[in-house]
Amino acid sequence: QAKQAGRGRHAFFEWALDEAAHSRRLLELDLRTALREAGAPQLALRFQPIVQVASGRVSGFEALVRWDRPGHGLVGPAEFVPAAEEIGLIDELGRLVLERSCKEASRWPSSIRLAVNLSPLQFRAPGLVETVSNALLRSGLAPARLELEITEGVLLEDTEANLTVLRRLKQIGVRIAIDDFGTGYSSLNYLRSFPFDKVKIDRAFVHNLGGHDADRAIVRATIALCRELGIVTTAEGVETEEQFQLLASKGCDELQGYFISEPVTAEAVDETRHHIEIRLSSVRSAVSTDL
Ligand code: C2E
Ligand code: MG
Ligand code: MG
Ligand code: MG
């Protein structure tokens, strides 16, 4: 009896594993089709505004990729970027995102920047610098308006090779930001290895600002250190007015998150920018600076 139950359980796990492997295979096949299709119409971009505290203006938008997978709705990058990496399609995906978002941003006022995410694998691929300069050339976007977001994962391995790529990107004139700052290892060491333009404080720290003393201390110290080093700070995941006020009063340069706006379509960028700037004029007048 017990033996039989054990066998049943075993069979169940095997079946569940098969199921997971099977749906992963399907996802990979669908993704390959989506990327190979002319113009890749299933892939879409959303743009999330970033506001500059000092001016109360929208200073840029971050491009965030989505996949309108048939039968699955709009799928987020966490679900398919790892798959794209695994099946060797991350270069194609990255090129598509860069080309399209640069073209979009070239229509915005010249004071508005574009931020684009790069995964560690993309960063290590040989053609990255060419891909970036091609996207800039084809769109006519000024290099200084493009900011590339890399995670600490990029900086962990092959430090010399990575620094070379970073230097070449800086030579083109693009800006480099560290994304999800504080979630990797030995973060402070990176800040002396390369002249980064921006640090994006991970939303995990922002989330705990109200309650968690240690997180509040980390955020305050990061802002102070970056200021000392001439690095712009952006806090991500700002969801409440309380977080907005706190970060603004601590001297954080830029804020991004649902409190300001969710990511919007390319068509909505202009209107969203205007709405935010009107709404923020009242929120900002309540900020007390304790610098
Ligand atoms: P990220 O670069 O840290 O982007 C911020 C993520 O947080 C986005 O999720 C955004 O929608 C979400 N977010 C923004 N504001 C808030 C908020 O107030 N609260 C909460 N809870 N979340 C907020 P998304 O779009 O799902 O992207 C997830 C990650 O996928 C991104 O994290 C980025 O690392 C990666 N990613 C996105 N687009 C691309 C891309 O084109 N290429 C690559 N390689 N990675 C991408
Ligand atoms: Mg990012
Ligand atoms: Mg981020
Ligand atoms: Mg993040």
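Higher on the page you've got the structure.
Residues numbered from 1 in each chain as written. Chains lettered and ligands numbered in written order. Predicted model: local features only at pLDDT ≥ 70, side-chain atom pairs only at ≥ 80, totals over all residues. Heavy atoms only, no water.

**Student:** Residue-level account of the environment of I178, with values.
**Tutor:** Inspection of the secondary structure puts I178 in strand β6 (residues 175-181). With 73 residues separating them in the primary sequence, I178 and G251 have C-alpha atoms 18 Å apart. Excluding residues within four positions of it along the chain, I178 makes contact with I150, E152, L155, Y190, L191, F196, K198, V199 and K200. (Helix = DSSP H or I, 4+ residues; strand = E, 2+ residues; numbered from the N terminus. Contact = heavy atoms within 4.5 Å.)

**Student:** Got a sec to walk through the coordination of the magnesium ion (ligand 3)? Specific residues and values, please.
**Tutor:** Every protein donor of the magnesium ion (ligand 3) is accounted for by D179 (OD) and E236 (OE), and the metal-donor separations fall at 1.9 to 2.0 Å. A gap of 3.5 Å separates the magnesium ion (ligand 3) and the magnesium ion (ligand 2), which D179 links by coordinating each metal. You can see D179 sitting in strand β6 and its partner E236 sitting in the loop between β8 (232-235) and α11 (241-249), a full 57 residues away along the chain. (Donors = N, O, S within 2.8 Å, 3.2 Å for Na, K, Ca; no water.)

**Student:** Provide a residue-level description of the packing of aromatic side chains, including the pertinent values.
**Tutor:** Within this structure, the stated rule accounts for five aromatic pairs. Between the aromatic rings of F194 and F196, the centroid separation amounts to 5.1 Å while the plane-to-plane angle is 65°, which identifies the pairing as edge-to-face. Accessibility assignment for this pair places F194 and F196 in one class, buried. Feature note: the residues F47, F61 and W108 constitute an aromatic cluster, connected by ring pairs. One cation-aromatic arrangement involves R279 over F259; the distance from NZ or CZ to the ring centre is 5.1 Å. (Phe/Tyr/Trp six-rings, centres within 6.5 Å; stacked < 30°, edge-to-face > 60°. Buried < 20%, exposed > 50% of the residue type's maximum accessible area, 1.4 Å probe, protein only. Lys NZ or Arg CZ within 6 Å of the ring centre and 35° of its normal.)

**Student:** Go over the pairing of strand β2 (residues 57-69), please, and point to the residues and values.
**Tutor:** Buried residues dominate β2, accounting for eleven of its 13 residues. Pairing of strand β1 (residues 43-52) with β2 involves ten bridges; the strand directions are antiparallel. Opposite Q48, over in β2, you have E62 as the bridge partner. Where β2 lies against strand β4 (residues 113-117), four bridges are found, and the strand directions are parallel. Residue pairing across strands places G60 opposite R113, the latter belonging to β4. Of the strand pairs in this sheet, β2 and strand β3 (residues 73-75) are connected by three bridges, and their pairing is antiparallel. (Pairing = 2+ DSSP bridges.)

**Student:** Report on the site of ligand 1, specifying residues and quantitative values.
**Tutor:** As a matter of local geometry, ligand 1 sits amid 21 residues, with R66, D179, R203, E239 and Y258 nearest to it. Contacts to ligand 1 include E62, whose side-chain N or O atom sits 3.0 Å from an oxygen atom. The side chain of E239 places a nitrogen or oxygen atom 2.5 Å from a nitrogen atom of ligand 1. Protein chains shield 82% of the accessible area of ligand 1, which is 800 Å² for the free molecule. Listed by contribution, the elements that provide at least two residues to the shell around ligand 1 are β2 and β6. Here the element with the most residues in the shell around ligand 1 is β2; it accounts for four residues. Partitioned by chemical class, the residues of the shell around ligand 1 number seven nonpolar, six polar and eight charged. (Near = heavy atom within 4 Å. Polar contact = N/O pair within 3.5 Å; in protein donor to acceptor, adjacent residues only side chain to side chain. Areas by Shrake-Rupley, 256 points an atom, 1.4 Å probe, with all protein chains shown as cover. Nonpolar A, V, L, I, M, F, W, Y, C, P; charged D, E, K, R; others polar.)

**Student:** Describe the coordination of the magnesium ion (ligand 2), listing the residues and the values that go with them.
**Tutor:** Around the magnesium ion (ligand 2), the protein contributes the donor atoms E62 (OE), N117 (OD1), E149 (OE) and D179 (OD), which lie 2.0 to 2.2 Å from the metal centre. Each donor residue of the magnesium ion (ligand 2) belongs to the same chain, and together they define the spacing E-x54-N-x31-E-x29-D.

**Student:** For the nonpolar core, give the residues involved together with the corresponding values.
**Tutor:** If you look at the biggest cluster of nonpolar residues, it comprises 82 residues, and the most contacted ones within it are L114, L146, L148, L169 and L255. If you tally residues by element for this core, the top one is helix α3 (residues 90-105), at seven residues. Contacts of L255, omitting those with residues within four sequence positions, involve P49, I50, V51, V53, T234, A235, V238, F244, L247 and I260. (Core = buried A, V, L, I, M, F, W, Y, C linked by side-chain atoms within 4.5 Å.)

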